[in-house]
Amino acid sequence: QVQLVESGGGSVQPGGSLRLSCVTSGWIFRLYAVAWYRQAPGKERELVARISSGGSGETTNYPDSVKGRFTISRDNAKSTVYLQMNSLGPEDTAVYYCNKNPAFAYWGKGTLVTVAS
């Protein structure tokens, strides 16, 4: 069955960086666009980065809130997607999840990112 295992979260000060990883299994990773999503306390889950399936060339998309600070990448050989997050601010505090895009109904446990001084 589908498994999505996120890791790499933690507590950082404003301006800091983190690199998240998501190891997946149970589906043909390379065939699908994948994305990182986040859910802050009291808010709905939102997409923060998307990367296409590749083929002739991968494309990435970001909302304005993270553009220029977050970078998504993927390693199809490892069925793994990464999220490099720089210049983190308190507004980035959330649980971060990976999933394909559009998402499966199943979600992993996520990884908590806390940005505070």
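Just so it is clear, the structure is predicted and the values come from calculations on it, not from any experiment.

**Q** So what about the sheet that holds strand β7 (residues 70-75)? Which residues, and what values?
**A** Two pairing modes exist for strands in a sheet, parallel and antiparallel, and in both the strands are linked by backbone hydrogen bonds. The strand order across the open sheet formed by four strands is β1-β3-β8-β7, and the pairing between neighbours is antiparallel. Only two strands of the sheet have a single neighbouring strand rather than two, namely β1 (3-7) and β7. Taking each pair of neighbouring strands and ignoring which way they run, the sheet shows an average axis angle of 15°. The sheet contact formed by β7 and strand β8 (residues 80-85) spans six bridges and is antiparallel. Within the sheet, the bridge partner assigned to Thr 71 lies in β8 and is Gln 84.

**Q** How would you explain the state of the cysteines if you had to name every residue and give the values?
**A** One pass over the structure, following the stated rule, counts one disulfide. Disulfide pairing places Cys 22 opposite Cys 98 at an S-S distance of 1.7 Å. Placement of Cys 22 in strand β3 (residues 18-25) and of Cys 98 in strand β9 (residues 94-100) is noted, with a sequence separation of 76 residues between them. When its relative accessible area of 2% is taken as the criterion, Cys 98 is described as buried.

**Q** Residues and numbers for the environment of Thr 24, please.
**A** Counting through the fold element by element, Thr 24 comes out in strand β3. C-alpha separation for the pair Thr 24 and Phe 104, spaced 80 residues apart in sequence, amounts to 12 Å. Look past the residues within four positions of Thr 24 in its chain and what remains in contact with it is Gln 3, Leu 4, Phe 29 and Ser 79.

**Q** How would you sum up the side chain of Glu 6? Please name residues and give values.
**A** With respect to the element layout, Glu 6 can be found in strand β1. Polar side-chain contacts of Glu 6 include one of 3.1 Å to the backbone nitrogen of Cys 98. In this structure the side chain of Glu 6 is engaged in a polar contact, spanning 2.9 Å, whose partner is the backbone nitrogen of Gly 110. In this view, Glu 6 contacts Ser 21, Cys 22, Trp 36, Tyr 96, Tyr 97, Cys 98, Gly 108, Lys 109, Gly 110 and Thr 111; residues no more than four positions away in its chain are not counted.

**Q** For the sheet that holds strand β6 (residues 60-61), give the residues involved together with the corresponding values.
**A** Ordered by their spatial adjacency, six strands build an open sheet running β2-β10-β9-β4-β5-β6, and the pairing between neighbours is mixed. With partners counted over all chains shown, the strands left at the sheet margins are β2 (10-12) and β6, one partner each. Relative to strand β5 (residues 46-51), strand β4 (residues 34-39) is paired through five bridges, and the arrangement is antiparallel. Of the residues in β5, the one forming a bridge with Ala 35 is Arg 50.

**Q** Give me the pattern of salt bridges: which residues, what numbers.
**A** Pairing between side chains of opposite charge can happen when the charged atoms of each approach one another. Inspection of the entire model under this criterion finds four salt bridges. The network of salt bridges with shared partners includes Arg 38, Glu 46, Arg 69 and Asp 92.

**Q** Summarise the nonpolar core; cite the residues concerned and give the values.
**A** Counting 27 residues, the largest nonpolar core has Trp 36, Phe 70, Ile 72, Val 81, Leu 83, Met 85 and Tyr 96 as the members making the most contacts within it. Contributions of two or more residues to this core are made by β3, β4, β5, β7, β8, β9 and β10 (111-115). When residues no more than four places from it in sequence are discounted, the contact partners of Val 81 are Leu 20, Ser 21, Cys 22, Phe 29, Val 34, Trp 36, Ile 72, Ser 73, Arg 74 and Cys 98.

Analysis parameters
Residues numbered from 1 in each chain as written. Predicted model: local features only at pLDDT ≥ 70, side-chain atom pairs only at ≥ 80, totals over all residues. Heavy atoms only, no water. Pairing = 2+ DSSP bridges. Helix = DSSP H or I, 4+ residues; strand = E, 2+ residues; numbered from the N terminus. Axes fitted to C-alpha atoms, helices over the stretch in contact; angles between N-to-C directions. Disulfide = S-S within 2.5 Å. Buried < 20%, exposed > 50% of the residue type's maximum accessible area, 1.4 Å probe, protein only. Contact = heavy atoms within 4.5 Å. Polar contact = N/O pair within 3.5 Å; in protein donor to acceptor, adjacent residues only side chain to side chain. Salt bridge = Lys/Arg side-chain N within 4 Å of Asp/Glu carboxyl O. Core = buried A, V, L, I, M, F, W, Y, C linked by side-chain atoms within 4.5 Å.

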